[in-house]
Amino acid sequence: LPLMATFPAGAAVSAPGVARGALDAMAAGMSARRNVGGAAVAELQTVQIRLSEAAAEIDSAVALLRLDLEEIDRMGAAGELPSLEQRARYRRNFGYAVELSVRAIDRLYPLGGAKCLNAASPLQRAWRDLHAQASHAALNWDIQAQHYGRARLDLPLSDPRI
């Protein structure tokens, strides 16, 4: 299989796991938290919605990765080569899975308050790791979206290695 079409999967697959770890850490601490008015933070609808949206983004990232990785495995086993559009789609989906993971952590981060700024905070570490991962050229959403758009429009890709 073309290396540069499939190689970024190795870097992309950890993103939803990092985001899920942050979601789990955030949810675990919510039941004991109270806001300044003394209300249980877990009872706030905004908290419940943010947790739900982040979980849906993470689950969507996992599903997207699985879809392409299963296809890549099948094609590799059969000795088939993916089309240019398929290769661009893989890169698009790897980048989008990371983008969804970043969106999830960005949605969760405000729930942690100022304590998330502490270097020992698991949410701060997850935020930093995911943003660094999304900055990689092979996973950057804007770059990967452009590749796919060009492939769909029968235009030459700006990266011929894909």
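On a predicted model such as this, the values are computed, not experimentally measured, just so you know.

**Q** Mind showing me how you'd approach the pattern of salt bridges here?
**A** When the charged atoms of two side chains lie near each other, side chains of opposite charge can form a pair. Within this structure, the stated rule accounts for 9 salt bridges. Between Arg20 and Asp59 there is a salt bridge whose closest N-O contact spans 2.8 Å. You can see Arg20 sitting in helix H3 (residues 14-30) and its partner Asp59 sitting in helix H4 (residues 45-78), a full 39 residues away along the chain. Overall, Arg20 belongs to the partly exposed group, its relative accessible area being 30%. Residue classification places Asp59 among the partly exposed positions, given a relative accessible area of 42%. We note a salt bridge from Arg89 to Glu71, for which the minimum N-O separation is 2.8 Å. Separated by 18 residues along the polypeptide, Arg89 in helix H5 (residues 84-108) and Glu71 in helix H4 bring together distant segments of the chain.

**Q** Is there a simple way to think about the layout of surface pockets in this case?
**A** Rolled over the atoms, a probe as big as a water molecule pinpoints where empty space is left. Its boundaries defined by the atoms lining it, the largest pocket holds a volume of some 170 Å³. What lines the largest pocket is Ala22, Ala25, Met26, Gly29, Met30, Arg33, Gly112, Lys115, Cys116, Ser121, Pro122 and Leu123. Where the lining of the largest pocket is concerned, the elements lending two or more residues are H3 and helix H6 (122-134). Take the lining of the largest pocket: its biggest share by element is 5 residues, from H3.

**Q** Just to check I follow, could you spell out the packing of aromatic side chains for this structure?
**A** Both the distance between ring centres and the angle between the ring planes are used here to describe each pair of aromatic rings. In total, this model carries 2 aromatic pairs according to the counting rule given. Between Tyr96 and Trp141 the ring centres are 4.7 Å apart and the planes differ by 55°, which places this aromatic pair in the tilted class. Here Tyr96 is found in helix H5, whereas its partner Trp141 is found in helix H7 (residues 141-152), with 45 residues between them in sequence. What makes Tyr96 partly exposed here is its relative accessible area of 24%. Overall, Trp141 belongs to the partly exposed group, its relative accessible area being 23%. When the ring of Tyr109 is compared with that of Trp127, the centres are 5.9 Å apart and the planes differ by 45°; the resulting orientation is tilted. Taken as a pair, Tyr109 in the loop between H5 and H6 and Trp127 in helix H6 lie far apart in primary sequence, 18 residues in all. With a relative accessible area of 18%, Tyr109 lands in the buried category. Cation over ring: Arg92 sits above Tyr148, and NZ or CZ is 4.2 Å from the ring centre.

**Q** Is there a simple way to think about the environment of Leu130 in this case?
**A** Inspection of the secondary structure puts Leu130 in helix H6. Look at Leu130 and you get buried, because its relative accessible area is 0%. Once the C-alpha coordinates of Leu130 and Pro160 are considered, the two residues, 30 residues apart in sequence, prove to be 27 Å apart. With sequence-adjacent residues up to four places away left out, Leu130 is seen in contact with Ala15, Val18, Ala19, Ser101, Val102 and Ile105.

About the thresholds
Residues numbered from 1 in each chain as written. Predicted model: local features only at pLDDT ≥ 70, side-chain atom pairs only at ≥ 80, totals over all residues. Heavy atoms only, no water. Salt bridge = Lys/Arg side-chain N within 4 Å of Asp/Glu carboxyl O. Helix = DSSP H or I, 4+ residues; strand = E, 2+ residues; numbered from the N terminus. Buried < 20%, exposed > 50% of the residue type's maximum accessible area, 1.4 Å probe, protein only. 1 Å grid on protein atoms, 1.4 Å probe; cavity = no way out; pocket = protein on both sides within 12 Å on 5 of 7 lines; lining within 4 Å. Points joined across faces, edges and corners; volume = space filled by probe spheres on them. Phe/Tyr/Trp six-rings, centres within 6.5 Å; stacked < 30°, edge-to-face > 60°. Lys NZ or Arg CZ within 6 Å of the ring centre and 35° of its normal. Contact = heavy atoms within 4.5 Å.

Note that every value here comes from positions in space, so none of it alone points to a role or purpose.
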